[in-house]
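What the coordinates show
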Amino acid sequence: MVLALLVSGVVVALVVVGLFVFGLRRRLIQRSGGTFDCSLRWNAPGPEAEPEPSGKGWVYGVARYNGDRIEWFRVFSYAPRPRRLLERASIEVLERRTPKGEEELALLSDAVVLACLHSGTRLELAMSEDALTGFLAWLEAAPPGQRVNVA
């Protein structure tokens, strides 16, 4: 009986510590400012591949502006480093759309999907309308001499 209580206590303590570390990591990511909630689908299929997009492949994360790149972190991870780095000069915006079909269940309720090419890789970003306005302004604010590809 005592052993069962001890094991249960240790399990509860580990869960609490794990949740605390998730929260601490997110605060550290957001500490420098310039962050926004952003779901990402890497190697996204093109519109010709699936007329009704599925909700598969979307990963919820937090993006952070850092100079001429965006650092994208998975929310449900303990990794201190970003999972993806998106260079401003390598991003080409292809289209903007609302979530369709199963995507509506996989994304936040107010999300707008932005289809892009990044160094030849098709990806989709889903963010709020306000975050999208900031993202497009950041893309267009490239230093003189850099090409900007905003559709």
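Fair warning: this is a prediction, and the values are worked out from it, not measured in the lab. Each chain carries its own residue numbering, running from 1 in the direction its sequence is written. Totals for whole chains, interfaces and linings use all residues, but because this is a predicted model, local features are given only for residues with pLDDT of at least 70 and pairs of side-chain atoms are given and counted only at 80 or more. Only hydrogens and water are removed before side-chain values are computed, so all heavy atoms of the structure are retained for them.

This part takes up helix 3 (residues 129-140). Starting at the N terminus, helices and strands are each numbered in turn, a helix being any DSSP run of H or I of at least four residues and a strand any DSSP run of E of at least two. Multiplying 1.5 Å by the helix residue count minus one yields the expected span of that helix. In a regular helix each residue adds 1.5 Å, so twelve residues correspond to 16 Å; helix 3 covers 17 Å between its end C-alpha atoms and thus fits that length. Summary of the burial criterion: residues with accessible area below 20% of their type's maximum are buried, those above 50% are exposed, and those between are partly exposed, where the area comes from a 1.4 Å probe applied to protein chains only. All buried positions along helix 3 are accounted for by Ala131, Leu132, Phe135, Leu136, Trp138 and Leu139. Each buried residue of helix 3 sits inside an arc of 155 degrees when the element is viewed along its axis, so together they form one side. Opposite the packed face of helix 3, turned more than 90 degrees from it, sit the exposed residues Asp130, Thr133 and Glu140. Starting at the helix axis, one direction is taken to each C-beta atom, and the arc is that of these directions.

Let us look at the side chain of Arg41. Along the chain, Arg41 turns up in strand 2 (residues 39-42). Within polar-contact distance, the side chain of Arg41 engages the backbone oxygen of Lys56 at 3.1 Å. Nitrogen and oxygen atoms within 3.5 Å of one another constitute a polar contact, given that in protein one can donate a hydrogen and the other can accept it, and given that sequence-neighbouring residues count only through two side-chain atoms. Side-chain polar atoms of Arg41 contact the side chain of Glu103, separated by 3.0 Å.

Strand order in the open sheet formed by four strands is 1-3-4-5, and the pairing between neighbours is antiparallel. With partners counted over all chains shown, the strands left at the sheet margins are strand 1 (35-37) and strand 5 (84-87), one partner each. Between one strand and the next, the sheet's axes are offset by a mean angle of 25 degrees, whatever the strand orientation. One requirement defines pairing of two strands: DSSP has to find at least two bridges between them. For strand 3 (residues 61-66) and strand 4 (residues 69-74), the ladder comprises six bridges, and the chain directions are antiparallel. Bridged to Tyr65 within strand 4 is Ile70. Note on method: axes are straight lines fitted to C-alpha atoms, helices fitted across the in-contact stretch only, with angles between N-to-C directions ranging 0 to 180 degrees.

The UniProt record marks residues 6-24 with the feature "transmembrane region" (unreviewed entry), using the residue numbering of this structure. As annotated, residues 6-24 has a helix share of 100% and a strand share of 0%, and its two end C-alpha atoms lie 27 Å apart. UniProt positions are given in the numbering used here, feature names are shortened, and annotations may be inferred rather than shown by experiment.

The subject of this paragraph is the sheet that holds strand 7 (residues 112-118). Hydrogen bonds along the backbone pair up the strands of a sheet, which may run parallel or antiparallel. In spatial order, the strands read 2-8-7-6; together these four strands make up an open sheet with antiparallel pairing. Edge strands, defined here as strands with exactly one partner in the open sheet, are strand 2 and strand 6 (91-97). Within the sheet, the average angular offset between the axes of one strand and its neighbour, ignoring direction, is 25 degrees. Where strand 6 and strand 7 come together, six bridges link them in antiparallel fashion. Paired with Glu92 across the two strands is Leu117, which belongs to strand 7. Two residues form a contact once any of their heavy atoms are found within 4.5 Å. Against the sheet, helix 3 engages strand 6, strand 7 and strand 8 (121-127), with an angle of about 150 degrees to strand 6.

As a further point, take the side chain of Ser39. Relative to the helices and strands, Ser39 resides in strand 2. Dropping the residues within four chain positions of it, Ser39 is found in contact with Trp58, Val59, Tyr60, Gly61, Leu107, Glu124, Leu125 and Ala126.

Attention shifts here to the environment of Gly55. Relative to the assigned elements, Gly55 resides in the loop between strand 2 and strand 3. C-alpha separation for the pair Gly55 and Pro99, spaced 44 residues apart in sequence, amounts to 9.2 Å. The contact partners of Gly55, leaving out residues within four places of it in the chain, are Glu102, Glu103 and Ala106.

Before going further, it helps to spend a moment on the environment of Ala44. By the secondary structure assignment, Ala44 is in the loop between strand 2 and strand 3. With relative accessibility at 7%, the residue Ala44 sits in the buried group. Taking the C-alpha atoms as reference points, Ala44 and Arg122, 78 residues apart in sequence, are found 5.6 Å from one another.

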